[in-house]
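Chain and residue survey
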Amino acid sequence: QVRLVESGGGLVQPGGSLRLSCAASGFSGFTFSSYAMSWYRQAPGKERELVAAISRVGGTTGYGDSVKGRFTISRDNVKNTMYLQMNNLKPEDTAVYYCAAVRDGNDYWGRGTQVTVSS
């Protein structure tokens, strides 16, 4: 079992920045670096969408078209934590942001953190 806890959300003005964190933990023997990690978001009335993904050791990343050039995903396998640096935020980035961990066909999700972009 994997436990994921997101933090760092909040209210920010358009053009501002936030950094989300996803802290991972598990039973004895848990190895964060064995999980591919992702950030998703879901806005009210919309489908959940992939924001960014990162490979197990961080060598490969990918982004949704709407956030390319503005968001950066990273991970620290020593701290068992994944990050999402969000710059030049827009009102349409308002959503609940979730982190997800995947390994061997099993996926685990956090409870999410709210990001609101508004003036």
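Relevant structure appears above.
First, a word on scope: everything that follows refers to the structure included in this document. (Residues numbered from 1 in each chain as written. Predicted model: local features only at pLDDT ≥ 70, side-chain atom pairs only at ≥ 80, totals over all residues. Heavy atoms only, no water.)

1. Digging into the nonpolar core
Rules: Side-chain atoms within 4.5 Å are what join buried Ala, Val, Leu, Ile, Met, Phe, Trp, Tyr and Cys residues into a set we call a nonpolar core. Note on exposure labels: buried denotes an accessible area under 20% of the residue type's maximum, exposed denotes more than 50%, and partly exposed covers the range between, all computed with a 1.4 Å probe on protein chains only. Going along the chain from the N terminus, every DSSP run of H or I of four or more residues is numbered as a helix, and every run of E of two or more is numbered as a strand.
Of all hydrophobic cores here, the largest spans 30 residues; its most connected members are Leu 4, Met 37, Trp 39, Met 82, Leu 84, Met 86 and Tyr 97. Taken together, the elements giving at least two residues each to this core come down to β1 (2–7), β3 (18–26), β4 (36–42), β5 (49–54), β7 (71–76), β8 (81–86), β9 (95–103) and β11 (113–117).

2. What about unusual backbone geometry?
Most peptide bonds adopt trans geometry, and most residues besides glycine take a negative phi value. If you check the backbone angles, Asn 80 has positive phi at about 55 degrees while not being a glycine. Within the secondary structure, Asn 80 is located in the loop between β7 and β8.

3. Some remarks on the pattern of salt bridges
Note on pairing: side chains with opposite charge can pair once their charged atoms come close. The following threshold applies: Salt bridges are defined by distance alone: a side-chain nitrogen of Lys or Arg within 4 Å of a carboxyl oxygen of Asp or Glu.
Throughout the structure, instances matching the rule amount to five salt bridges. Notably, a salt bridge pairs Glu 49 with Arg 41, separated by 2.6 Å at the nearest N-O pair. When its relative accessible area of 5% is taken as the criterion, Arg 41 is described as buried. Note that Lys 68 and Asp 65 form a salt bridge whose closest N and O atoms lie 3.2 Å from each other.

4. Structural notes on the pairing of β5
Using the following cut-off: Two strands pair under a simple rule: DSSP has to find at least two bridges between them.
One ladder, built from five bridges, connects β4 with β5; its direction is antiparallel. When the sheet's bridge partners are listed, Ser 38 is paired in β5 with Ala 53. Taken together, β4 and the strand that follows it, β5, pair antiparallel across an intervening segment of six residues, in which Gly 45 is found at a positive phi of about 80 degrees. As paired strands, β5 and strand β6 (residues 61–63) are joined by three bridges and run antiparallel to one another. Residue pairing in the sheet places Ala 52 in a bridge with Tyr 63 of β6. In this structure, the hairpin formed by β5 and β6 is closed by a connection of six residues, where Gly 58 is found at a positive phi of approximately 85 degrees.

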